[in-house]
Amino acid sequence: MFVEFCFLVIIDVIFVLAVFLLMLPLIRRQAAFAVMKRNFAGYFSNPTGYVFLCIFVLLTSFAAFWPHEFFTTNLANFDQLNRFLPYIMLVFIPAITMSIWAEERRQGTDELLLTLPAKDFDIVIGKYFAAVWVFTVSLLFSQLSNYAVLLGMTGGQLDTMLLFSTYLGYWFMGIAMLSIGMVASFLTNNLTVGFIFGAAFNAPLAFFSNADVILSNRDWIGRLFEWSLLQRFEPFGRGLVALPSAFYFIGIVVIGIYLSLILIGRRHWLGGRDGTSLLWHFVLRGAFLIITVIAGVVIVQYSPLNRARMDISAEKVSTLSDSTKVLLDELAAEAGGDKPPVKVEAFISNNIPTEFVSTKYDLVNLLREFDVRAGNQLQVKLYQGLEPFSPEAILAEKRFGIRPVPVTSQSRGALREDQVVMGVAITSGREQVVIPFFPYGMPVEYELMRSINTVSSANRKTIGIIETDALAMGARLMTQEGEPFNIPRIEFINELQKQYDVESVNCATPLSLWLEDDDGLPSSRRYDVLIAIQPSKMSQGELDNLIEAMHRGQPTMILEDPFMMWEAAAIQGIDPPAENFSQNVTGTFFPRSVPRGTQGQCDIHDLWDALDIQIDEMPVGTGANAQSYSYLAWQQPSANPYKRDQSLDNEELIIVRQDEEAMIDDMRFAPDHPATRGISELHFQFSGYLSPLTNSQLDFEPLVVSGAAGRLAVNQYLGERGVRSQLDRHRGEASQNFCLAAHITGSDWSDAIPADPDVVEPNKTMSNVIYIADVDAISDSLMQVRNYPIRDGVEYRFQNMAFALNAVDSLAGVEEFNELRNRKFRHVTLRVVEDTIEDATSEVYDIRQVLEMEEFTERNLLQEKVQAELGPIGEEIQRMQTQIDRGEVVDNVEFERLKLIFQQRAAQQQQEFEQKISELENSKREELRSVQLEAELKIQEIQRWFKLMAVLIPPIPPLLVGAIVFTRRQLRERETISKARRLK
């Protein structure tokens, strides 16, 4: 923390020296320097100056840390202060400028200054620079104090340069407002009036950002907002030093200084020797200067100079990726052509829960940078701060189907549901892509650029989804009772449609892989990529046609699973998950076995032979009853990195993670392949594995390797699924590395279309296939995990969707999006507060586990007690029933009596059991509630502590400086008084 603080101090010292060197050519004039020194010293020799300084520092601290949104956003920046600072400046800036000239006129010292051997420019520039230095010192006090508070909240981990750029923006804003306030001071000799004028003259630029309060015309609101202080400051708040914004503020400074020069020199032109007034002459000169500055700002904004911006933040939160820059530059190069511009309209609501704040931040940042980079060819409209039923929100729903989404979050110990709007509509001519909502786990830059590329591209590539009984494209089926039901498409297909044209492909007839030109020669492929999901559920003829397509050079992705997750769920007697894979007409779920030659089902071995791969199998039976079952890969529960999620302890759920320090021979993912570049964690469920044949003619490149794992045949799992010890006996040791996905290519495969039709003959060496041994790797549940990675306090990092989409892109020859899918902006958060929340959450979790174990034990004890009381009677009834079944004579009266007693006692015991269980659950619920309240109190307590420090720390430095200055002043005054007078 000390090192970070020293680093900021060094940056501040460098900045102060740079400002002084920039001023040096002007203050080298003796008169200008003397005026600057006198005014600067005079401000800080007056107690009023320190009062205003303390008020300013306190107000900035209040605005930065006291709004509830500060802890809701959980970002270590000054976003809350950014919103309030222009209004704080309306109080503080006039307090500095009101005495610049009004005090001189009130005391009559203005005539003394004007009779000095100095030009008017020296006096004006000296007074202005004095005000700049007063404001700079005030900002330094505010910056260092607020930075110290943030250091405490983050444990010393801060983006120092982001915070410096924010205060640099405050400085530019301040020097602009100082020049306007100085004009107000030259208009009066009354300090109060000077203060009021200074606030009034600066108010329009400060309030332009809230023009929607009094105006309804969207065009005028947009124009005024563009010229507001807050809008021009905005790049600095994101870590950008932007030339257009700096030019805007410096332009205001030039205008203010020039108007001050006119006002101080009015003794020369307001009724000269000949009595002629030059008022209108100088009014026109001032007006032309204002017009010139405005024109300059507009020219800079709409010229290549608008791109002159540098991201100085350490985390580069506003820096576009190289792929994005290339795509946007290509888009900008199309400006002025026949292609219509791309229009991006983003709708973002006001209340954003904590999990979505970073996504909103990234979305707004990226769209602003897109607008700058692509020029007129990309038109961005941001509608922020929407209420659910505002006109803009209604417009978004009517035109684009962007609706408020209910999001549940926890705030101050209570669950609350917010209606969140955060969607984007991207159009170009008749093309349109709508992203109705941005989940907080969605990669924002990738989603935006993919959509922009989709609407702006003339020729979209085509993906063919082969029809199988997996029903990945969805279907409308009938139950045994004749009731229709719909199976929707899997989300993976919906993701593909955002980038490609997707078609359903029926392999019942040979695929038309080539289109012919006028000469009858092959010209292009019909499908850029074919995707076969569970090809083992195709007919033999369909599989043969697929193999022929692969051997003709058709890029293909195959997902073949020995035991899909929904099958496991159905067998275990639980509801199947949302993945709608392979459900037959009757709705019955069944596991896949692979008997050779079974009627109505293909022989999947033909596909494996065509790819020169081997899938380990266990043969069962002989002759006509012979079957073979594939093996499942399994992993030790200790490999589960998410200890709180005990469901992932299931051995058949494999999590593949790449250790950052792993050696090259221990890589879990192919580092140089486009499909796995940037991938660090994948989740497989009941996955198979594959390996190449020893005499393979094809190149076999492993893409995903499991690490230490074992194997278990499907039939073994089915036979012993309820007995853990039996399953462990079949599993053996987890000591092998299995390949879960691979890229298989032949030596003759090429992207180029062969000109000789004879080359089109099927040949194994033309294969280009990515094989993934787990269909569940693209399940809807994993898509949900990507979109909402935080569940019950656990943040999952599975990248299955990125891997699958990268695989399709690599087969289609598209690589511009691979970098974007895995790119996430790192935002510095309030680590100390997060650690407190994590500790509190862990405590609640641990106590929950203890209470659940206690409840389980108590349930068992109660059941044992019931069994002990009812067991003897039940055994006697069972004995007598057995005698009756044998035809033996029993006492029927006694038998009926025992049955009645058993029923009565059973009903009584059941009632007591349910009552005690209810008491246990209520007790557990109350205790958990109490623990959760204590955890929330701890969180609120640390938040209150930091809020308290935020208002206690800032006033201390200026008060200490003031005490030192006045103590030194008193001592110097005492030195000038004779000893005799001091004794009196």
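Caption draft 1: Quick peek at the overall build of the protein chain. Counting its regular elements, the protein chain contains 32 helices and 27 strands. Split into buried and exposed, the 984 residues of the protein chain put 49% on the buried side. Considering only residue pairs separated by 6 or more positions, the protein chain has 76% of its internal contacts joining residues 24 or more positions apart. Carbon and sulfur atoms make up 55% of the accessible area of the protein chain, which amounts to about 46,800 Å² in all.

Caption draft 2: The side chain of Q301, seen in detail. For Q301, the position within the fold is in helix α15 (residues 279-301). Residue classification places Q301 among the buried positions, given a relative accessible area of 17%. A polar side-chain atom of Q301 sits 3.1 Å from a polar atom in the side chain of R232. The residues contacting Q301, other than those within four sequence positions of it, are E226, R232 and N306.

Caption draft 3: Helix α2 (residues 30-44), seen in detail. The terminal C-alpha atoms of α2 lie 22 Å apart, and with 15 residues this matches the ideal 21 Å at 1.5 Å per residue to within 8%. Every buried residue of α2 is accounted for by A32, V35, M36, N39, Y43 and F44. Projection of α2 onto a plane perpendicular to its axis shows the buried side chains occupying an angular sector of 150 degrees, all on one side. Exposed side of α2, more than 90 degrees from the buried face: Q30 and K37 are the residues found there.

Caption draft 4: Highlighting the sheet that holds strand β4 (residues 378-386). The four strands lie next to each other as β4-β3-β7-β8, forming an open sheet whose pairing is mixed. Two strands bound the open sheet, and with one partner strand each, they are β4 and β8 (431-435). Neighbouring strand axes in the sheet, compared pairwise and without regard to direction, differ in orientation by 10 degrees on average. Where strand β3 (residues 342-349) and strand β7 (residues 422-428) come together, six bridges link them in antiparallel fashion. Bridge assignment links F347 to a residue of β7, and that residue is G423.

Caption draft 5: Layout of the pattern of salt bridges. Inspection of every chain in the model, using the stated rule, returns 30 salt bridges. In this structure, E681 and R657 form a salt bridge, with 2.8 Å as the shortest nitrogen-oxygen distance. One end of the pair, E681, is in strand β21 (residues 681-685); the other, R657, is in strand β20 (residues 653-657), with 24 residues separating them in the sequence. Judged by its relative accessible area of 2%, E681 is buried. Notably, a salt bridge pairs R797 with E681, separated by 4.0 Å at the nearest N-O pair. Placement of the pair is R797 in the loop between β27 (794-795) and α27 (800-812) and E681 in strand β21, with a sequence separation of 116 residues. For R797, a relative accessible area of 39% translates into the label partly exposed. Each member of the salt-bridge network shares a partner with another, and the members are E234, R238, R309, R368 and E369.

Caption draft 6: Expanded view of the packing of helix α3 (residues 47-65) against helix α30 (residues 892-952). Look at α3 against α30: their axes get within 8 Å of each other, and the N-to-C directions meet at 160 degrees. In terms of axis orientation, α3 runs roughly antiparallel to α30. α3 and α30 meet at a crossing whose hand is right-handed. Counting all contacts with α3, which are made through L58, S61, F62 and F65, the residues of α30 involved are K947, A950 and V951.

Caption draft 7: Fine view of the packing of α3 against helix α5 (residues 79-97). Remark: α3 packs on α5, axes separated minimally by 9 Å, with the N-to-C direction vectors making an angle of 165 degrees. Regarding the angle of α3 to α5, the classification is roughly antiparallel. α5 is crossed by α3, and the crossing has right-handed handedness. On the side of α3, the interface is formed by F52, L53, F56, L59, T60, A63 and A64, while α5 contributes Q80, L81, F84, L85, I88, F92 and A95. Classifying every residue of the contact of α3 with α5 gives twelve nonpolar, two polar and no charged.

Caption draft 8: Focus on the packing of aromatic side chains. For the structure shown, the criterion picks out 38 aromatic pairs. With a centroid separation of 4.8 Å and an interplanar angle of 70 degrees, the aromatic rings of Y167 and Y170 are classed as edge-to-face. Of this pair, Y167 and Y170 are both found in helix α9 (residues 160-185), three residues apart, which corresponds to roughly one turn of the helix. In terms of burial, Y167 and Y170 fall into one category: buried. Their ring planes at 25 degrees and their centres at 4.0 Å tell us that Y689 and F738 sit as a pair that is stacked. Placement of Y689 in the loop between β21 and β22 (691-692) and of F738 in strand β24 (residues 736-745) is noted, with a sequence separation of 49 residues between them. Residue Y689 shares its accessibility class with F738, and that shared class is buried. The ring of W227 has R232 sitting right over it, with the charged end atom 5.0 Å from the ring centre. Above the face of the Y248 ring, R232 is positioned so that its terminal group lies 5.1 Å from the ring centre.

Caption draft 9: Inspection of α5 at higher detail. For α5, spanning 19 residues, the distance from its first C-alpha to its last is 27 Å, which sits close to the expected 27 Å at 1.5 Å a residue. Where α5 bends most, the angle comes to about 45 degrees, and this point is L85, followed within four residues by the proline P86. Of all 19 residues that make up α5, 14 are buried, and the element is covered over most of its length.

Calculation rules
Residues numbered from 1 in each chain as written. Predicted model: local features only at pLDDT ≥ 70, side-chain atom pairs only at ≥ 80, totals over all residues. Heavy atoms only, no water. Helix = DSSP H or I, 4+ residues; strand = E, 2+ residues; numbered from the N terminus. Buried < 20%, exposed > 50% of the residue type's maximum accessible area, 1.4 Å probe, protein only. Contact = heavy atoms within 4.5 Å. Areas by Shrake-Rupley, 256 points an atom, 1.4 Å probe, with all protein chains shown as cover. Polar contact = N/O pair within 3.5 Å; in protein donor to acceptor, adjacent residues only side chain to side chain. Expected span 1.5 Å × (residues − 1). Arc of directions from axis to C-beta. Pairing = 2+ DSSP bridges. Axes fitted to C-alpha atoms, helices over the stretch in contact; angles between N-to-C directions. Salt bridge = Lys/Arg side-chain N within 4 Å of Asp/Glu carboxyl O. Parallel < 35°, antiparallel > 145°, perpendicular 65-115°, else oblique. Left-handed = near helix turned anticlockwise from the far one by under 90°. Nonpolar A, V, L, I, M, F, W, Y, C, P; charged D, E, K, R; others polar. Phe/Tyr/Trp six-rings, centres within 6.5 Å; stacked < 30°, edge-to-face > 60°. Lys NZ or Arg CZ within 6 Å of the ring centre and 35° of its normal. Bend = angle between axes of the 7 residues up to and from the residue.

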